[in-house]
Amino acid sequence: MATVLIIGAGGVGSVVVHKCLQVPEVFGNVILASRTLAKCERIQAQVKGRITIDQVDADQVEQTVALIGKHRPDLVVNVALPYQDLPIMDACLATGVDYLDTANYEPPDEARFCYKWQWDYRQRFEERGIMALLGSGFDPGVTNVFCAYAQKHLFDEILYIDILDANAGDHGQPFATNFNPEINIREVTAPGRYWEEGEWKTTEPLAVCQEYDFPEIGRKKAYLMYHEELESLVEHIPGLKRIRFWMTFSDQYLTHLRVLENVGMTRIDPIDFEGRKIVPLKFLKAVLPEPASLGPHTKGKTCIGCQIEGIKEGRPRKVFIYNVCDHQACYREVGSQAISYTTGVPAMIGAKLMLTRVWRRPGVWNMEQFDPDPFMEDLNRYGLPWRILELHPR
Ligand code: NDP
């Protein structure tokens, strides 16, 4: 039985804790550490004391090294923020422990959403004999695994991929984000980007929109955005002609966002305020509801999946592989809304596959580089069942 160290006691961290405790035959010992100990204490109380907690500022490599030395985990699951990816990877290198995360590294002063910095660790992880699994959430994460599954079982050649992320949930707040507000707003306000015929194409933020008819939640407007899994899927799905990412937003969300942008509240550069420097987006985050607090109030469903077109046995084929998740069902099971749930469950599954050595190779890897079958089986088993819808090819 293994010891897992989870860093980050937010919405996703809480779900990872609950799901690991559901699989005691793998996760014998669960440790949760975060910057604010009180948040760990709250989760520890929810699970009736079945975890050990600790405090860490994971921006400080030496603090994480000491934490790892104290608890001796077999794996570190990083569900803090993307800013902590590289310092935690450095601590794993220093101590020889495996690493998993759900979002790519972001430098605090620039919204980039790219894997370069983490891919640069490949050789060092390989030489140290340790493994990093990048992006084991839903998107990225499950969406990468859906593509790998389609490549293995459903197509001889994949030509077009559209990743579709719809949230038809209503949290009853005028404006709130379902995961960390700072990262969410950085992502949504960035230029759109997609890959077509061998090159990246850029659009104005949220300038391209299409309506999709989503299973179980119906017609929704989805906006073209850049998302990090596009970068790795372009590398790992040969023969692709185009890949894009779409996310739905309500008109109310977009109106609030536009106003916040117009008045400068989404800026990530420091400004002078009463004699000190503050980053407007960080201040905004402090006044918005915490994602972890939305659970009790959120109703409705999410539908996230991959619409894939290509060739199978000489004929055109088009499918939609997807999961539908119900916010209230998630809350009943683990006390969180579906966005935290759909991220935390795949993080637990990725951790389980690494610890049982089903997915284990020294180096730094994206999800689609492993056999998708055991992951797909575990999605059905641990709360994120998937379906395949056969569509009419163009
Ligand atoms: P939250 O803001 O709810 O939680 C983040 C937690 O990390 C907080 O408890 C925070 O502590 C802690 N933290 C921040 N900085 C540090 C630090 N320096 N040292 C230790 N702990 C720190 O975010 P979410 O739970 O919603 O998101 C967690 C991660 O999951 C993010 O990286 C997000 O991008 C990713 N994500 C991935 C998705 C996917 O599908 N792949 C989807 C949704 C999220 P404090 O309270 O003190 O600030």
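Residues numbered from 1 in each chain as written. Predicted model: local features only at pLDDT ≥ 70, side-chain atom pairs only at ≥ 80, totals over all residues. Heavy atoms only, no water.

S.K.: Summarise the packing of aromatic side chains; cite the residues concerned and give the values.
M.R.: The final tally for this structure, using the stated rule, is 15 aromatic pairs. Centre to centre, the rings of Tyr223 and Phe249 are 6.0 Å apart; their planes meet at 50°, and the pair counts as tilted. In this pair, Tyr223 is assigned in strand S11 (residues 218-225) and Phe249 in the loop between strand S12 (242-248) and helix H10 (251-262), connecting sequence segments 26 residues apart. Across this residue pair, the class does not change: Tyr223 and Phe249 are buried. Counting every residue linked through ring pairs, the aromatic cluster contains Phe175, Tyr223, Phe249 and Tyr253. Across the ring face of Tyr226, the terminal group of Arg193 is positioned such that the distance to the ring centre comes to 4.5 Å. Across the ring face of Phe370, the terminal group of Arg361 is positioned such that the distance to the ring centre comes to 4.4 Å. (Phe/Tyr/Trp six-rings, centres within 6.5 Å; stacked < 30°, edge-to-face > 60°. Helix = DSSP H or I, 4+ residues; strand = E, 2+ residues; numbered from the N terminus. Buried < 20%, exposed > 50% of the residue type's maximum accessible area, 1.4 Å probe, protein only. Lys NZ or Arg CZ within 6 Å of the ring centre and 35° of its normal.)

S.K.: Got a sec to walk through the domain arrangement of the protein? Specific residues and values, please.
M.R.: Parsing the protein into structural domains produces domain 1 (2-134) and domain 2 (142-338 + 386-391). Contact residues are listed per partner, giving 25 residues for domain 1 and 17 residues for domain 2. Each partner contributes to the roughly 1700 Å² buried at the junction of domain 1 and domain 2, and carbon and sulfur atoms together form 55% of this total. Along the contact surface separating domain 1 from domain 2 lie 3 salt bridges. A salt bridge links Glu333 to Lys19; its shortest N-O distance comes to 2.5 Å. (Domains from an automatic or database assignment. Contact = heavy atoms within 4.5 Å. Buried area = accessible area lost by both parts, 1.4 Å probe. Salt bridge = Lys/Arg side-chain N within 4 Å of Asp/Glu carboxyl O.)

S.K.: Report on the packing of helix H1 (residues 11-21) against helix H13 (residues 338-355), specifying residues and quantitative values.
M.R.: For the pair H1 and H13, interaxial distance at closest approach is 8 Å and the crossing angle is 50°. Here H1 lies oblique to H13, going by the angle between them. Here H1 runs over H13; the crossing is right-handed. Residue-level contacts link Gly11, Val12, Val15, Val16, Lys19 and Cys20 of H1 to Ser340, Tyr341, Thr343, Gly344, Val345, Ala347 and Met348 of H13. A per-class count over the contact of H1 with H13 returns 8 nonpolar, 4 polar and 1 charged. (Axes fitted to C-alpha atoms, helices over the stretch in contact; angles between N-to-C directions. Parallel < 35°, antiparallel > 145°, perpendicular 65-115°, else oblique. Left-handed = near helix turned anticlockwise from the far one by under 90°. Nonpolar A, V, L, I, M, F, W, Y, C, P; charged D, E, K, R; others polar.)

S.K.: I'd like a rundown of the environment of Arg244, residues and numbers included.
M.R.: By the secondary structure assignment, Arg244 is in strand S12. For Arg244, a relative accessible area of 13% translates into the label buried. Along the chain, Arg244 and Tyr160 lie 84 residues apart, while their C-alpha atoms are 8.5 Å from each other. Aside from chain neighbours lying at most four places away, what touches Arg244 is Ile161, Asp162, Ile163, Tyr194, Gln210, Tyr212, Leu224 and Leu230.

S.K.: Report on the pairing of strand S2 (residues 27-34), specifying residues and quantitative values.
M.R.: For S2, the buried fraction is high: 6 of the 8 residues fall into the buried class. Here strand S1 (residues 2-7) runs beside S2; their pairing, made up of 6 bridges, is parallel. Within S2, the position partnered with Ile7 by the bridge is Ala33. Where the polypeptide runs from S1 across H1 and back to S2, its parallel neighbour, the crossover connection is right-handed. Where S2 meets strand S3 (residues 52-55), 4 bridges bridge the pair, whose relative direction is parallel. Counterpart to Ser34 in the pairing with S3 is Gln55. Once you follow S2 into helix H2 (residues 37-46) and on to S3, the crossover reads as right-handed. (Pairing = 2+ DSSP bridges. Right-handed = clockwise from strand over helix to strand, strands pointing away.)

S.K.: Tell me what's going on with the pattern of salt bridges, and back it up with residues and numbers.
M.R.: Per the stated rule, a full pass over the model turns up 25 salt bridges. A salt bridge links Arg242 to Asp162; the nearest nitrogen and oxygen atoms lie 3.9 Å apart. In this pair, Arg242 is assigned in strand S12 and Asp162 in strand S7 (residues 157-167), connecting sequence segments 80 residues apart. For the pair formed by Arg242 and Asp162, the shared burial category is buried.

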